[in-house]
Structure formats: structure tokens, C-alpha cells
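Observations on the three-dimensional arrangement
So the chains spell out like this:
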Amino acid sequence: MQTNLAAFIKDTPEGKEADAILRKCTHCGMCTATCPTYQLLSDELDGPRGRIYLIKQVLEGATPTAKTRLHLDRCLTCRACETTCPTGVRYGRLLDIGRHLVEERVPRGPIESAWRRALNAVIPNPVLFMPLLKLGQLARPLLPAALKSKVPAAPAPARPWPTTTRPRKMLVLEGCAQPSLSPATNAAAARVLDQLGISLERAAGAGCCGAVSFHLNEQKEALDYMRRNIDAWWPYVEHGVEAIVITASGCGVTVKEYGHLLHHDPDYAAKAQRVSELTKDISEVIIAESAKLKQLLSPLASRLSGQRIAFHSPCSLQHGLKLRGSVESLLTSLGYSLTDVPEAHLCCGSAGTYSILQPELSQRLRDNKIAALTSGTPSAILTANIGCQAHLQGATTLPVRHWIEALDDSLPPSPSPLS
Ligand code: SF4
Ligand code: SF4
């Protein structure tokens, strides 16, 4: 694609990055076929190619309008288009740059702005999020059905975190909303890793990965969250932790991009790069240890294969982290019986704050996803990202959990780790 960026942005780091991305696009439109919002709305401007044109026009000096912003707002940032694109267009990064520019030029109304500020203040902050969630859960039985589905039920309590000290050490991202919505997830990861001879440690002072603020276009605040995590993790990195483990794939995508997002910050660039290099989704860690797990699980093979499980692969896992099919292969190799899930590449509609800000599109995507996930009559749904987990749980009576919790439940208790 030929470009002619306007003087105001041409020579900036963002302008150069956007220009390089745009030049890779050949207008082929292959990405449009796998875009969830294009499938729902059949409007070129609600597909990746149309949004790329809109961003290009703004970068070339056109004045954006509320309609431009609406088409960009409707994007889920699912990145299915990146997986489909034959020339490697980094659409997600281009969208970040485009949204930031449009947000500056087309201010939102006072109510919408206040709502977005409230989401940005509450979700990344457990001190606010946890009590508000508990209040909602107390009132849940009294709420009308439509509202009830938006308040997650009280979660299963976490099983005990191991107290043993293993020779190998990894660090875990605790995150912001996940400890309130699903406290069992990180505890399950710690318990499984403990059986594999790895201690999972928690760093005081770390918190939200920055994704919530980043996707609400509060990019300065998002970078501050990133710097705070790096400061909290750095002593552990210097002491040689093997990995920074992430159990929410949505956060994993963001932490793996710290190196890129902070590369202009002279105080943090090198540390951010190191943190990104150390970051691993929990599936990457478990896959590397799967031979040991198979030993532990082989006596239970008939029990595992007797349960029918549907796996929902989050967009952040398959399109963001490019780990498409990896958890499914792992679970199958360990003896679980997975059902077929049609159109598994499509987003469930959760997408960070999208389910709150674009409720109509989000619910249509969720309905389609639940139909796909339940078409093989599973007894449970497993996934790999807290946002998808909570979103899907609001629309089904089947249990929806992180797959590491199911693995923890399956493992026999072991007093000593395998080596
Ligand atoms: S990120 Fe997802 S919703 Fe957005 S344009 Fe790409 S495929 Fe469509
Ligand atoms: S598939 Fe890639 S090259 Fe083709 S229109 Fe989409 S982004 Fe451009």
C-alpha cells in the first residue's frame, strides 16, 4: 500500500511504525473473511481492511469524525485478522496508534468519558474492584435476569498455595481482576508447578499488567502500570527466576509487549525487554514439563477420557500469543477428551471492556460462541483467560474454568516433586 503520511506524524516513532505496517498491506481482503465484526455487520468499515483505510486517512491528514471512532471502537482487538493476513500486517499495533490519534481529535461526550474513566479506575484496582464485585454478588439473587448475567457468581475458593520450597523458581503475575473473579486459578498453577519441582512466587507491589488502561486509550497510565510491575519483578529477575508465568492469556500478550511498548524509555527499555523475554503463558511452561505430567496422570487415563470437555481458545492465546491449538494438544495428550468446537478462531465477545462498552455485539458473539462450545455436549468448558471465563459463565450453566484448575483437580496429591 502506498502511503503519504502528514507532516504532523511522519517523522515521529509512531508515524514511522504505522507507515511500515501500512506498506505491508496489499488490500487483498483475506482478513475480512475471519473478522467477527465484519461477519456480524457486513460493513467493509467494520472489518480490518476498512479500518486500516480509516487509520491511513487520518495519518495522511484527514479529519476523523465520530463515525471513524465508532468503527474503531467496534473492533474487538481479537487479532484474528493478523493470523489470516498473508503478509504479516501488525493490525493490532496499527489500531493502537490509530485509536490514540482519533481519541485526541474526536472527544467523547461527558457521560461516555466519565463511564470510561470509571472503568479505568475500578477494573485495574483490586481495592475498588473487589468490594464492588462482592456487593454485586450479594445483590445478585435480587437482580433481573439481564443484569444478573453481568455479575459473576461468587467464585470457587482457592485450594491452598504450596508451602514447600522447590529448587526451581518462577514468578507469577497476580493481575488485577483475576484474584477477585477466580482466585483458584493462580493457586492451581502453583500447585501443579509444585508437583513438577517449581516454586511459583508472588511479588508484592505488582498488579495490573496495563492492558485495561491501554485499550481504553489511557496509554500513559498503562505505561505506568507496566513500569510498576517491572520495578516489583526486577529483584526476582536479578535473583534468577526462570520465567514470569501468566495465567491470563490477555495479560500475557501485553507483558510480552512490554519490551516494545517501553523501548523509548531510557530508564526501562532494557528491563522491559528482559521481562518480555522471561514471560511465558502457563501452557508454555506446562508443555515443556508434560513428560513428567504424563507419568503422574497415566494411572488416571480412563477417568480423564470419560469426561467430555470443550476448550475455548481465547483470541489472546491463539492470535495474540500465536499458541493456536497448543492447549488442546496438551490436554489431549494428557488423556482429556476434547469435543470439536466449530469456528474456534472467532472471538467470544469478551475482549477486555468490550463486553461493557459494546454490549449488543458482545452478546451476539457470546451466544454464537456458547452454541459452538456446547454443540459437542461437553460436561464443562475450559479456557485460558479470565475475561473469556467470566463472560462465558454469564451465559451457561456448565462450569467454565481455567484449564490449569482442571489439571490441578486431576493430579493425585504428591508429597515430593518429580525430578
Ligand atoms: S482485530 Fe478482530 S475485530 Fe478487529 S479488525 Fe481484526 S479481526 Fe476484526
Ligand atoms: S489480509 Fe493483510 S494484506 Fe490483506 S487486506 Fe488484510 S491486512 Fe491487508
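Computed from a prediction, not measured in an experiment: that's the story for all the values here.

Description of the pattern of salt bridges
Oppositely charged side chains can pair when the atoms bearing their charge come close. Using the criterion set out here, one finds 31 salt bridges in the structure. Two residues, R93 and D96, come together in a salt bridge whose shortest N-O distance is 3.8 Å. Residue R93 and its partner D96 are located together in helix 7 (residues 91-105), separated by three residues, close to a single helical turn. Taken as a pair, R93 and D96 share a single burial class, namely buried. Where salt bridges share partners, they join R159, R191, R401, E405, D408 and D409 into one cluster.

Side note on the packing of aromatic side chains
Scanning the entire structure with this criterion turns up one aromatic pair. The ring of Y268 has R227 lying over it, and the distance from NZ or CZ to the ring centre is 5.9 Å.

Some details on the site of ligand 1
By nearness alone, 13 residues border ligand 1, and C35, R51, C75, C78 and C81 come closest of all. Listed by contribution, the elements that provide at least two residues to the shell around ligand 1 are helix 3 (36-41), helix 4 (48-59) and helix 6 (80-84). Residues belonging to the shell around ligand 1 are distributed by class as follows: nine nonpolar, two polar and two charged.

Considerations on the sheet that holds strand 6 (residues 337-338)
With parallel pairing, the four strands of this open sheet are ordered in space as 6-5-7-8. Whereas interior strands pair on both sides, the edge strands pair on one side only; in this sheet they are strand 6 and strand 8 (400-402). Here strand 5 (residues 308-311) pairs with strand 7 (residues 380-383) via three bridges, running parallel. Residue pairing across strands places F311 opposite L382, the latter belonging to strand 7. Set on the sheet, helix 25 (residues 386-393) makes contact with strand 7 and strand 8; between it and strand 8 the angle comes to about 170°.

Each value, and the rule that gives it
- Residues numbered from 1 in each chain as written.
- Chains lettered and ligands numbered in written order.
- Predicted model: local features only at pLDDT ≥ 70, side-chain atom pairs only at ≥ 80, totals over all residues.
- Heavy atoms only, no water.
- Salt bridge = Lys/Arg side-chain N within 4 Å of Asp/Glu carboxyl O.
- Helix = DSSP H or I, 4+ residues; strand = E, 2+ residues; numbered from the N terminus.
- Buried < 20%, exposed > 50% of the residue type's maximum accessible area, 1.4 Å probe, protein only.
- Phe/Tyr/Trp six-rings, centres within 6.5 Å; stacked < 30°, edge-to-face > 60°.
- Lys NZ or Arg CZ within 6 Å of the ring centre and 35° of its normal.
- Near = heavy atom within 4 Å.
- Nonpolar A, V, L, I, M, F, W, Y, C, P; charged D, E, K, R; others polar.
- Pairing = 2+ DSSP bridges.
- Contact = heavy atoms within 4.5 Å.
- Axes fitted to C-alpha atoms, helices over the stretch in contact; angles between N-to-C directions.

Read these as geometric descriptors, not functional statements.
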